[in-house]
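Listed here are the chains, written in short residue letters.
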Amino acid sequence: MTVTGIAGVGKTRVALKAAESMRRAFADGILLVELSSLTDPERLAQVLARAFEVPDQSPLAGADVLAAYLADKQLLLVLDTCEHLVEACSRLVRTLLAAAPGLRVLATSRQPLGAPGEHSLMIRPMAVPTKQDRDSVAALAGCESVALFLDRVATVDPEFELTERNADSVAELCLRLDGIPLALELAAVRARSLSVERILHLMDERFWLVHGDADATDARHRTMQAAIAWSHDLCTEEERRLWSGLSVFPDRFDLVAAEAVCVDDDIPAERVYPAIDGLVGKSILVCVKEADRTTYRMLDSIREFGASQMRSPECRRVFLARHRDHYLGVARAASRVPAGGDQAGLWSQVRGEWPNLRAALEFCAADPAETDVGVRMVTALTFLWIGCGMAREGRHYMDWFVRVGRPEESLRVRLLLLLSYVLVAQGDLRTARRTLEESEQHAVAHEDPLCHTHLVKMRGTVAYAEGDLAAADVHLTEAVGVRDTSGTTDIVVLTAMVELGITRLWLGRLEEAAEVLEACRRACEESGQSWARSWADLGLSLVLRARGDDTGALTLAREALGIQQRLHDASGASLCLELVAWLAAGQEDPVWVTRLLHASHGQWRQVRQPLYGSPHFLAEHAQCEERLRRALPPAEYEDAAAEGSAMSMDEAISYALGAAADKPVAVTPAEPPSPLSPREWEVADLVAEGLTNREIAQRLVVGRRTVDTHVEHILAKLDLAARSQIAVWAIQHR
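Just so it is clear, the model here is predicted, and its values are computed rather than measured.

Q: Explain the overall build of the chain to me, using residue names and the numbers behind them.
A: Across its full length, the chain carries 37 helices and seven strands. Burial analysis of the chain (734 residues in total) assigns 55% to the buried set. Contacts in the chain between residues at least 24 apart in sequence constitute 70% of all its contacts with a sequence separation of at least 6. When the accessible surface of the chain is split by element, carbon and sulfur atoms take 52% of a total near 30900 Å².

Written out as structure tokens, the structure is:
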């Protein structure tokens, strides 16, 4: 379903209200994705994947990964502001609906998407006063557009009342504004200091539109534009300049960002906040108060008008460059984590700025003169690509600047080395090897020590990924030696230490592995690098396991998992889940471990090839699986495996981190008086307690669809027709 209509008519509001009213119909919930900040249609699937928190480290096309993720979901997807991406939205919606029978899409756009099976609902402006409405104040107050105007006026002037004296003026104002909600809201703001009659007079002075014989839709669109222009005229000069400058932000921004972009000879720093406050008061900016910060945003039509008021393309370019420079500074600042700092918190904030970061990168990609700055920004965001689950987005920009942008040679080498790392993380080893060889060719002419260290480290990383542990040991040892001589805690060296530790572990050199991993852990604690520390903890967990200390290993693995979750490092979290399952296999209920093992395996399908394709990790997985199969009856094992595979990443992590007392244990009667499996018995018991399928899923920490399937199986096995009969049967056979 696509909700259509002119700008300002309330499409988003209608869609959100409709979605909320249907919330209970979708077991997997509702997701709103706002698309106004996206300018590149090719990135649409990645934007949706990020909104769903689908790991983007897979080398597969974004649409394919998204379709696989949504295949078994029962979910409502709300796509807001699609008019500038109509073709891309139509293609993606078609793909997703074909792959996911339980998916429904509700879109808002100024025109239909043209997707097969699409239903279109046009939202028309609110009803305006008729002659009959003007017969009495009560009748006029009941008119839709008048009611909205009065409601908005009450927020700025609680004492305002509709009376015989002002009724005609209110009716005339709503009529002139064509009942367009946003136009009415902009006019209502003026009632704080002006009478309705004065507002009408100002509208007359400001060249109000005469519709004539124009098409009604076009005339209403022009009415909306005129209302915005009128609000613009009533702003102070500083507010108008700020409105224009702030239009370069595609999404939310805070006061610091506004000052970085807009302060100049016309607007000194101390005048930015008063101007922002004025724009909030006039409903030009929306103020969003969060727990730890206050941000601002513009509605799309207001942002478009602000952009149109730039004095010249050169002027807009100046503002876009300031915007880019500010977010480059944000990336660089986050890269310098102070000792004891919260790296996960810092980069979670950076990740939340992605619409602005993407706009800054697009600005650089669109102008050859900005290529080198764009490359510096990509490399400054290294941690976003490798540690925060955004490898596919990073690869897109790395490919662009390497193949199209033609950066300066030293920057090209750095970019190629970073790209090779991302390719390894995606499991694309063949391309990673080619990219590494290309970087070696370009590096010949440069004598940059740090670049050389990075090059040697990547030789080791690629060798490790390819299974050549001897070569990996040589190269990674050389890279780690840089720290021994210089004391650097660069992320390149820290990751080299982790990889070297795990390489030595697989080579059977346990104490050497422990030594380098412990050194890495200390370096991370001193430099605030929590992500690299989580990987060092993961490696040390393997060391402790090899020493027979499963309890200590399990503690470290869970600590690492908590950090990976905060950073959205999907591959790291998947490996931690796997390791927790291996370690718990001898200590916990085998049903619980089976669920977790298969929850981990299900996450790898979204990230890359399972367990990095490592023969060592795959052998450990196979041994754990075989042990669990021997511990459980086949039906019970398959039930637990299916439940684990249906878990989302967050569900799996919560399950792995949960206290033992909270873990659900299968109810296994000594002599089951029915053909039900132990898990089906458990579901039947909970049905008898009066729980819905959703509540049962929450109790058992499984997917709603898994419970639906169990209930269907119970009905079939017991030859019953309704859930109430299951409840009666379960009570009788307890």
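Q: Please set out the packing of aromatic side chains residue by residue, giving values where relevant.
A: Scanning the model with the defined rule gives 14 aromatic pairs in all. On the basis of an interplanar angle of 25° and a centroid distance of 4.5 Å, the ring pair of Phe249 and Phe253 is categorised as stacked. Seen in terms of ring centroids, Trp354 and Tyr397 are 6.4 Å apart; in terms of plane orientation they differ by 70°. Their pairing is edge-to-face. Highlighted residues: Trp354 in helix α17 (residues 354-365) and Tyr397 in helix α20 (residues 391-405), separated in sequence by 43 residues. Relative accessible area serves as the criterion here: at 2%, Trp354 is assigned to the buried category. Taken together, Phe249, Phe253, Tyr296 and Tyr327 form an aromatic cluster joined through their ring pairs.

Q: Describe helix α34 (residues 678-688), with residues and values.
A: Buried residues dominate α34, accounting for 11 of its 11 residues. Looking only at α34, the buried set comprises Pro678, Arg679, Glu680, Trp681, Glu682, Val683, Ala684, Asp685, Leu686, Val687 and Ala688. In the segment just after α34, Gly690 is the residue with positive phi, at about 95°.

Q: How would you sum up the packing of α17 against helix α18 (residues 371-380)? Please name residues and give values.
A: Orientation of α17 relative to α18, taken along the N-to-C sense of each, is 150°, at an axis distance of 8 Å. Between α17 and α18, the angle is such that the two are roughly antiparallel. Crossing of α17 against α18: the hand is left-handed. Of α18, the residues touching α17 (which contributes Leu357, Ala360, Leu361 and Cys364) are Thr371, Val373, Gly374, Met377 and Val378. Broken down by class, the residue content of the contact of α17 with α18 amounts to seven nonpolar, two polar and no charged.

Q: How would you summarise the pairing of strand β4 (residues 103-109) if you had to cite specific residues and measurements?
A: With respect to burial, β4 is a largely interior element, six of its seven residues being buried. Pairing of strand β1 (residues 2-4) with β4, which is carried by three bridges, proceeds in the parallel orientation. For Thr4, the partnering residue across the bridge sits in β4 and is Ser109. Running through helix α4 (residues 86-99), the crossover from strand β3 (residues 75-80) to the neighbouring parallel element β4 is right-handed.

Q: Kindly report on the confidence of the model for the chain, identifying the contributing residues and their values.
A: When pLDDT is averaged along the chain, the result is 87, and 92% of the positions lie at 70 or above. Overall, residues 207-214 carries pLDDT values under 50, and its contacts beyond four positions in sequence, including any with other chains, amount to 16 contacts. For the stretch residues 659-673, pLDDT sits under 50, and the model shows 23 contacts to residues farther than four places along the chain or on other chains.

Q: How would you sum up the sheet that holds β3? Please name residues and give values.
A: Spatial strand order, β2-β3-β4-β1-β5: five strands in an open sheet with parallel pairing. The strands lining the two open edges of the sheet, one partner per strand, are β2 (30-34) and β5 (120-122). On average, each strand axis in the sheet is tilted by 15° relative to the strand beside it, whichever way the strands run. As paired strands, β2 and β3 are joined by five bridges and run parallel to one another. Within the sheet, the bridge partner assigned to Val33 lies in β3 and is Leu79.

Q: So, the pattern of salt bridges: which residues are in play, and what are the values?
A: All chains considered together, the criterion is met by 48 salt bridges. Between Asp300 and Arg303 there is a salt bridge whose closest N-O contact spans 3.1 Å. Taken together, the residues Asp300 and Arg303, both in helix α14 (residues 300-308) and three residues apart, mark about one turn of the helix. A cluster of three or more residues bridged by salt bridges with shared partners is formed by Glu237, Arg240, Arg241, Asp266 and Arg311.

Q: Mind laying out unusual backbone geometry, listing which residues take part and the relevant values?
A: Positioned with a positive phi, Asp178 is a non-glycine residue whose angle comes to about 55°. Summarising the element assignment, Asp178 is placed in the loop between α7 (167-176) and α8 (181-189). On the accessibility criterion, Asp178 (13% relative accessible area) is buried. A positive phi angle, close to 65°, is found at His568, a residue other than glycine. Examined against the element boundaries, His568 turns out to sit in the loop between α28 (550-567) and α29 (570-584). The class for His568 is partly exposed, based on a relative accessible area of 30%.

Q: Lay out the packing of helix α12 (residues 255-262) against helix α15 (residues 313-335) with the relevant residues and their values.
A: Relative orientation of the contacting elements α12 and α15 amounts to 135°, with a least axis distance of 8 Å. The orientation of α12 with respect to α15, classified from their angle, is oblique. Handedness of the crossing formed by α12 with α15: right-handed. Residue-level inspection shows Val256, Ala257, Ala260, Val261 and Cys262 of α12 in contact with α15, the latter providing Phe319, Arg322, His323, His326 and Tyr327. Residue composition of the contact of α12 with α15, by class: seven nonpolar, two polar and one charged.

Q: Explain the state of the cysteines residue by residue, including any values.
A: With the rule as written, the count across this model stands at zero disulfides. Free cysteine: Cys89, not disulfide-bonded; nearest cysteine sulfur from Cys82 at 3.9 Å. The class of Cys89 is buried, set by a relative accessible area of 0%.

Q: Outline the nonpolar core, supporting the account with residue identities and numerical values.
A: By size, the foremost hydrophobic cluster in this structure holds 198 residues, and its most contacted members are Phe149, Leu173, Leu246, Leu381 and Trp385. For Leu173, the residues in contact, after removing those within four places along its chain, are Phe149, Leu184, Ala187, Val196, Ile199, Leu200 and Met203. Ranked by size, the runner-up nonpolar core spans 31 residues in total, among them Ala45, Val54, Leu79 and Val93.

Conventions used here
Residues numbered from 1 in each chain as written. Predicted model: local features only at pLDDT ≥ 70, side-chain atom pairs only at ≥ 80, totals over all residues. Heavy atoms only, no water. Helix = DSSP H or I, 4+ residues; strand = E, 2+ residues; numbered from the N terminus. Buried < 20%, exposed > 50% of the residue type's maximum accessible area, 1.4 Å probe, protein only. Contact = heavy atoms within 4.5 Å. Areas by Shrake-Rupley, 256 points an atom, 1.4 Å probe, with all protein chains shown as cover. Phe/Tyr/Trp six-rings, centres within 6.5 Å; stacked < 30°, edge-to-face > 60°. Axes fitted to C-alpha atoms, helices over the stretch in contact; angles between N-to-C directions. Parallel < 35°, antiparallel > 145°, perpendicular 65-115°, else oblique. Left-handed = near helix turned anticlockwise from the far one by under 90°. Nonpolar A, V, L, I, M, F, W, Y, C, P; charged D, E, K, R; others polar. Pairing = 2+ DSSP bridges. Right-handed = clockwise from strand over helix to strand, strands pointing away. pLDDT = per-residue confidence, 0-100. Salt bridge = Lys/Arg side-chain N within 4 Å of Asp/Glu carboxyl O. Disulfide = S-S within 2.5 Å. Core = buried A, V, L, I, M, F, W, Y, C linked by side-chain atoms within 4.5 Å.

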